[in-house]
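# Topology and contacts: notes
Below are the chains, spelled out letter by letter.
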Amino acid sequence: MDLKQVPLFRDLALEDLKALEHEARARRLKRGEVLFLEGEPVRSLFVVERGLIKVYKLDPEGRKQVVLHLEGPGRVLAEVALFLDRPTYPASAEALEDTQVLAIPKERFFQLVEARPPLARALIRYLARRQGQLLHLLDRLVFHEVRERLCEFLLEKLSQEGQGFHLPTNPELAALLGTVPEAVSRNLGQLYRQGLIQLKGRRVEIPNPQALVDLLR
């Protein structure tokens, strides 16, 4: 993957990108394989090169799983955990399909941040954008109906991955949207019957994105 396509690194000069690429190591994961577990020491920053990663937490009894977010190509994992006082992963991550990530060792990444001010500034801007996204997510969970949340999710995935993007399972999607699988299934069915989305297995195409935007209004 060209690291220039990664939002965290897209504003960096060629020299800085080459320094990062020199440190990155590819790691392949089979579907269902764990990338890291909650509580493990943070050893690397990860960039998803291809595939899909689920980030989740388990309840205290270790039975119920809550999906926090899904990360596809170009997305970064563990960027916040790196800077914790006791850097351990606050959640677990697992491949939802065959996936490849780039791992940048923590200590080498710190050295690059300290030696290259543009990378430090890019990291601060990226974390600020992520905070804004989390605030938007909170607003969506509190004030929006399930149908609106689903439409926003679909439009966001379309923007990130293009037509034919992968749709999580209904339980995973319900966890992301703060609802129950039955509500997800019902609303997806309505959008499908209205011709607003097309489904091919778990792949989604949106013939007229503006129609979904209009629903949000």
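Residues numbered from 1 in each chain as written. Predicted model: local features only at pLDDT ≥ 70, side-chain atom pairs only at ≥ 80, totals over all residues. Heavy atoms only, no water.

- Per an unreviewed UniProt entry, the protein chain goes by the name Crp/Fnr family transcriptional regulator and belongs to Thermus brevis.

### Concerning the nonpolar core
- In this structure, Phe-9, Leu-20, Leu-35, Ile-53 and Phe-109 are the most contacted members of the largest nonpolar core, which totals 39 residues.
- Sequence-distant contacts of Leu-35, that is, excluding residues within four places in its chain, are made with Arg-27, Leu-29, Phe-46, Ile-53, Leu-77, Ala-93, Glu-94 and Val-101.
- By size, the runner-up hydrophobic cluster in this structure holds 25 residues, among which are Leu-154, Phe-165, Leu-188 and Leu-212. (Core = buried A, V, L, I, M, F, W, Y, C linked by side-chain atoms within 4.5 Å. Buried < 20%, exposed > 50% of the residue type's maximum accessible area, 1.4 Å probe, protein only. Contact = heavy atoms within 4.5 Å.)

### Comments concerning the pairing of strand β8 (residues 99-105)
- Judged by how many residues are buried, β8 sits mostly within the fold: 6 of 7 residues are covered.
- Inspection of the sheet shows strand β1 (residues 25-29) paired to β8 by 5 bridges, in the antiparallel sense. Bridge pairing in β8 links Arg-25 to Ala-103.
- Relative to β8, strand β3 (residues 44-50) runs antiparallel, the two sharing 6 bridges. (Helix = DSSP H or I, 4+ residues; strand = E, 2+ residues; numbered from the N terminus. Pairing = 2+ DSSP bridges.)

### Thoughts on the sheet that holds β1
- Taken together, the 4 strands give an open sheet; going across it, the order is β1-β8-β3-β6, and neighbouring strands pair in antiparallel fashion. A single partner strand is all that each edge strand has here, and the edge strands are β1 and β6 (76-77).
- As defined by bridge partners, β3 adjoins β6 across 2 bridges and the pair is classed as antiparallel. Bridge pairing links Val-47 to Val-76 in β6.
- Its contacts with the sheet place helix α1 (residues 14-23) against β1 and β8, and it is angled at close to 105° to β8.
- Its contacts with the sheet put helix α2 (residues 106-115) on β3 and β8, and the angle it makes with β8 is roughly 60°. (Axes fitted to C-alpha atoms, helices over the stretch in contact; angles between N-to-C directions.)

### Quick word on the packing of aromatic side chains
- Within this structure, the stated rule accounts for 3 aromatic pairs.
- Ring centres of Phe-36 and Tyr-89 lie 3.9 Å apart, and the angle between their planes is 10°; on these two criteria the pair is classed as stacked. On the criterion of sequence distance, the pair formed by Phe-36 in strand β2 (residues 34-36) and Tyr-89 in the loop between β6 and β7 (92-95) is long-range, its members being 53 residues apart.
- Look at Phe-36 and you get buried, because its relative accessible area is 6%.
- Given the relative accessible area of 5%, Tyr-89 is considered buried.
- Seen from their ring centres, Phe-83 and Phe-110 are 5.4 Å apart, and the 45° between their planes marks the pair as tilted. With a gap of 27 residues between them, Phe-83 in the loop between β6 and β7 and Phe-110 in helix α2 connect regions that are remote in the sequence.
- Taking the relative accessible area as the measure of exposure, Phe-110 reaches 21% and is therefore partly exposed. (Phe/Tyr/Trp six-rings, centres within 6.5 Å; stacked < 30°, edge-to-face > 60°.)

### Concerning the side chain of Ser-44
- Its location among the elements puts Ser-44 in strand β3.
- A relative accessible area of 12% places Ser-44 in the buried class.
- Setting aside residues no more than four positions away along its own chain, Ser-44 makes contact with Ala-78, Leu-82, Tyr-89, Ala-103, Ile-104, Pro-105 and Lys-106.

### Describing the pattern of salt bridges
- On inspection of all chains with the given rule, the structure shows 9 salt bridges.
- Through salt bridges with shared partners, a single ionic network connects Glu-15, Asp-16 and Arg-116. (Salt bridge = Lys/Arg side-chain N within 4 Å of Asp/Glu carboxyl O.)

### Focus: the environment of Glu-97
- Within the secondary structure, Glu-97 is located in the loop between β7 and β8.
- Considering only alpha carbons, one finds Glu-97 and Arg-203, 106 residues apart in sequence, at a separation of 13 Å.
- Not counting chain neighbours up to four residues away, the residues in contact with Glu-97 comprise Leu-29, Lys-30, Arg-31, Gly-51, Leu-52, His-166 and Arg-203.

### Here's the deal with the sheet that holds strand β10 (residues 198-200)
- With antiparallel pairing, the 3 strands of this open sheet are ordered in space as β9-β11-β10. Looking along the sheet, the strands with just one partner apiece sit at the ends: β9 (165-166) and β10.
- Of the pairings in the sheet, the one linking β9 to strand β11 (residues 203-205) comprises 2 bridges and is antiparallel in character. Counted as the bridge partner of Phe-165 is Val-204 from β11.

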